[in-house]
Amino acid sequence: MGHSKRFNLACVIAAMFVVNMVYSLSLPLLAVRLDAMGITETVIGLNTAVQPLAGVLVAPFFPALLSRFGAKPILITALVTIGVVFPLFTVMESLSGWFVLRAFAGAAACALWVVSEAWIHDLAEDHSRGRVIGVYATAGSAGLAIGPLILALTGTATIEPFLIGAGLCLICLIPVMLADGGSYSVEKSKGKGGLIACLLFAPLPMVINLVMSASYEATHAFLPLVPAGVGEKDIFLLLGLLGVGGMLSQYPMGWLADRMNRLALVAGLTLGEFLMILGYQHFLTAEPAGIIYFLFWGTAGSALYGMGVLLVGHFFKGHALAVGSAAFSAMYNVGVLVGPSTAGVMVDVWQGDGLMLYLAGAAILIFPATAWTAMRAGRATEKLV
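So, a few notes on the structure that sits alongside this text. Since this is a predicted model, take the numbers as computed values, not measurements. Residue numbering note: each chain is counted from 1, following its sequence as written. Side-chain atom pairs in this predicted model are given and counted only at pLDDT of 80 or more, local residue features only at pLDDT of at least 70, and totals for whole chains, interfaces and linings cover all residues. Calculated side-chain values reflect all of the structure's heavy atoms, with hydrogen atoms and water omitted.

**Let's talk about helix H2 (residues 41-58)**
Under the convention used in this document: Secondary structure elements follow DSSP: runs of H or I no shorter than four residues count as helices, runs of E no shorter than two count as strands, and numbering proceeds from the N terminus. An expected span of 1.5 Å times one less than the residue number is assigned to each helix. A residue's bend is simply the angle between two axes: one fitted to the seven residues ending at it, one to the seven starting at it. When a residue's accessible area, from a 1.4 Å probe over protein chains only, is under 20% of the maximum for its type it is buried; when over 50% it is exposed; and in between it is partly exposed.
With 18 residues, H2 extends 27 Å between its outermost C-alpha atoms, agreeing within 8% with the 26 Å of an ideal straight helix rising 1.5 Å per residue. In H2, a bend of some 25° at Gln51 exceeds every other bend along the element, and Pro52, a proline, comes one to four places later. Residues of H2 that are buried: Glu41, Ile44, Gly45, Asn47, Thr48, Ala49, Val50, Gln51, Pro52, Ala54 and Gly55.

**Some thoughts on empty space enclosed by the protein**
Worth spelling out the cut-off: In this analysis, the protein atoms alone were mapped onto a 1 Å grid. Cavities are point sets where a 1.4 Å probe fits without being able to get out; pockets are open sets with protein on both sides within 12 Å along at least five of seven lines; lining residues have an atom within 4 Å of a point. Grid points are joined across faces, edges and corners, and a volume is the space filled by probe spheres set on the points. The nonpolar class holds Ala, Val, Leu, Ile, Met, Phe, Trp, Tyr, Cys and Pro. Asp, Glu, Lys and Arg form the charged class, and all remaining residues, Gly among them, are polar.
Applying the stated criterion to the full structure yields 1 cavity of 30 Å³ or more. Computed from the structure, the largest cavity encloses a volume of approximately 100 Å³. In terms of lining residues, the largest cavity is bounded by Val19, Val22, Tyr23, Ser26, Leu30, Gln51, Ile82, Phe86, Phe89, Arg102, Ala105 and Ala109. Listing elements by their share of the lining of the largest cavity, those giving two or more residues are helix H1 (3-36), helix H4 (71-88) and helix H5 (95-123). The leading source of residues in the lining of the largest cavity is H1, at 5 residues. A class-by-class count of the residues in the lining of the largest cavity yields 9 nonpolar, 2 polar and 1 charged.

**Things to note about the environment of Ile292**
Locating Ile292 in the fold gives a position in helix H12 (residues 288-315). Residue class for Ile292 comes out partly exposed when judged on its relative accessible area of 48%. Taking the C-alpha atoms as reference points, Ile292 and Leu238, 54 residues apart in sequence, are found 9.7 Å from one another.

Quick look at the structure:
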């Protein structure tokens with residue numbers, strides 16, 4: 001790989017790191033600010049859901065935009081949009097205005113995710129693709145971990161975290177503008193399978209992505225609002241530790257998945273996730289026990305997501321891989337949509353236990369999908385083409 005490609009890869013990875021950092025910072029920050037405005041948990045959940053909804057609506061336009069303009073102009077536009085929109089939350093007093101700002105932020109974040117992934121796949125070479133994607137995923141996990149840690153240092157009552165988030169986006173413009181992001185063609189899939197067909201064909205990776213995205217969103221939006229007698233700083237530190245645990249688990253769990261039955265590994269990780277959810281309320285302090293607990297919880301959750309990505313490649317081949325990957329991404333957005341709104345209702349009804357009940361119920365959904373996949377393991381896997 002030449003110097004130019006390596007530099008472009010570094011720029012794309014930097015963009016993913018920054019957008020994930022701002023994203024993980026914004027979820028608890030905006031939830032806490034809305035709560036301070038006297039907004040109910042149900043409405044907070046709906047406001048949070050606007051962000052992925054905007055992403056779902058604009059995502060179909062990106063293949064054509066990539067073919068016409070290339071990755072670089074889209075990334076620049078998205079970074080500028082977030083950099084401008086984020087501080088506006090501090091001066092917008094209207095709840096309807098928050099919904100509009102959330103929509104713009106969601107569309108821009110979706111652009112950054114979709115385009116950076118397309119660009120990195122275009123840049124990566126086959127012989128090193130796995131390592132490149134591994135570095136890319138680790139950088140994304142690191143960004144998710146750092147966002148809440150920033151809030152632990154700044155708090156939520158001032159404009160400071162908003163300015164930090166906006167500043168990071170604008171600083172990230174420098175390497176992106178220096179990169180060579182010319183236009184390239186996006187190959188269209190010949191697959192005819194839609195979301196439902198992919199879900200029926202390979203339910204396990206789809207359900208994993210649905211559950212983990214819904215759980216991530218709900219945890220980061222509502223955990224800062226639920227605990228009584230727990231310091232806000234402690235909660236943000238623990239949320240950051242979930243991301244650290246996820247970052248550390250990427251390679252070890254991939255190594256393990258290559259050496260044991262993957263369905264057994266999924267079942268074990270799901271059981272671990274379920275048990276960690278049941279007990280997390282007893283470890284909501286940034287003391288050694290809480291730190292270790294949240295690191296392990298983050299390891300289980302992130303490893304499950306990684307297994308979902310791996311299983312997409314197992315079940316879908318050839319042109320069907322594009323169809324399966326698109327369905328996998330769609331399930332993530334569905335989870336982001338339903339997670340905060342459903343969790344908000346449950347927190348309203350069951351108060352302190354609502355979030356735990358929601359997360360545990362979501363995790364249980366992975367077990368029947370695993371069992372169904374195990375029963376079908378002997379069958380040939382046909383292609384969705």
